[in-house]
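# Overview (structure and organization)
What follows is the residue order along each chain.
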Amino acid sequence: MTETTFTPRVFSGIQPSGNLHLGNYLGALKRFVDWQAKDVESIYCMVDLHAITVWQDPADLKKSTRELCAGFIAAGLDPEKSILINQSQVPEHAQLAWVFNCVARMGWMQRMTQWKDKAGKNAQNASLGLFAYPALMAADILVYHATHVPVGEDQKQHLELTRDIAIKFNHDYGVNFFPETEPVIEGAATRVMSLRDGSKKMSKSDPSDASRINLTDDADAIAKKIRKAKTDPEALPSEAKGLEERPEARNLVNIYAAMAEMSVDQVLAEVGGKQFSEFKPMLADLAVAKMSPITTEMARLMENQDEIDKILARGSERARAITAPILSQTYDIIGMVRPVEV
Ligand code: TRP
């Protein structure tokens, strides 16, 4: 009944909050695609249940969920290989989350920096769901017995809590049922910063559209935003340490390196000494070459809502083949009477 070894399985989730941009692509989607090449079973989830921990307009939420799914596929995730789902279609996520609400302690939740940041001074008025957010996230991961979770640095604390929940559950019930998941944290090199201010993360909520490259931008818009990106007057250095204290220069070089799949040092060995007037057109060409097939495919998929909805339905069917037995075993472990044939 209880497993002692866990086969490698990757799980990650992204909130469907609209305005997918280059930061999401290089920081998350592209990394998921790289995992796919490793032939490990992988599940990627649009976390619509997490999204409603703060108010969401229903029509926008549907659109953002489909857009995120289109983004996953356009970025190169093959829905036949990886499992693509929206969280609410796989009910075991929410069911296991309830169990974890009873495992996790109030004090653990209260220490979460994302809770403190999001709830702010008005915590009494935050939703109960926002407080319980990390227990649902732990359920997302553990309902697949996922062993590897690629996320950004900001999610590290939630993954530690996921481990704490797994450990406490295993300990309380005297089993070795849930694995201790490994975080796979994205490096700083893939953190994409604003094109207008190299000290701020590229963000969907930045009021300036010129600060980001959206996955809905066409080739002209992409090239224009790169030409207008903020820089400094100096030539590019020939070594990475010459980028310290030059956040805008570093950001553009990082973006180039990530898209060309080169190291920063390799890029600088080629472009060191060049002025931005020369480097920016190179970057714009590369960005258009890499991004416009993605934005074109996304636009095509968004015209074919049916295709997206079928992919999600099929994904949730495959997902449930994994999650239903794990939830059922969990219920059995904790003492719920299970259905028999009648
Ligand atoms: N909390 C994550 C974020 O905001 C999204 C998320 C939800 C997630 N469930 C997850 C990420 C499970 C990894 C695994 O980015």
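Since this is a predicted model, take the numbers as computed values, not measurements.

With that out of the way, let us pick up the site of the ligand. The environment of the ligand is formed by Phe11, Ser12, Gly13, Val47, His50, Tyr133, Met137, Asp140, Ile141, Val149, Val151 and Gln155. Contact between the ligand and Tyr133: a nitrogen atom at 2.7 Å from a side-chain N or O atom of the residue. At 2.7 Å, a side-chain N or O of Asp140 approaches a nitrogen atom of the ligand. Taking 360 Å² as the accessible area of the ligand by itself, protein coverage stands at 89%. Looking at the shell around the ligand, the elements that each hand over two or more residues are strand 1 (9–14), helix 7 (128–142) and strand 4 (148–151). Take the shell around the ligand: its biggest share by element is four residues, from helix 7. Per-class residue counts for the shell around the ligand are seven nonpolar, four polar and one charged.

Our focus in this paragraph is the domain arrangement of the protein chain. With domains assigned, the protein chain is organised as domain 1 (9–190 + 304–334) and domain 2 (209–300). Buried area between domain 1 and domain 2, both sides added, is near 1400 Å², and the carbon and sulfur share of it is 65%. Applying the counting criterion to the domain 1 and domain 2 interface returns two salt bridges. Here Lys30 makes a salt bridge to Glu261, at a shortest N to O gap of 3.0 Å. Where domain 1 packs against domain 2, one counts five residue pairs in polar contact (both at pLDDT 80 or more). Those elements that provide at least two residues to the side of domain 1 that touches domain 2 are helix 1 (22–37) and helix 3 (58–75). Considering each element in turn, the side of domain 1 that touches domain 2 owes the most residues, six residues, to helix 3. Residues belonging to the side of domain 1 that touches domain 2 are distributed by class as follows: 11 nonpolar, four polar and three charged.

Conventions and cut-offs
Residues numbered from 1 in each chain as written. Predicted model: local features only at pLDDT ≥ 70, side-chain atom pairs only at ≥ 80, totals over all residues. Heavy atoms only, no water. Near = heavy atom within 4 Å. Polar contact = N/O pair within 3.5 Å; in protein donor to acceptor, adjacent residues only side chain to side chain. Areas by Shrake-Rupley, 256 points an atom, 1.4 Å probe, with all protein chains shown as cover. Helix = DSSP H or I, 4+ residues; strand = E, 2+ residues; numbered from the N terminus. Nonpolar A, V, L, I, M, F, W, Y, C, P; charged D, E, K, R; others polar. Domains from an automatic or database assignment. Buried area = accessible area lost by both parts, 1.4 Å probe. Salt bridge = Lys/Arg side-chain N within 4 Å of Asp/Glu carboxyl O.

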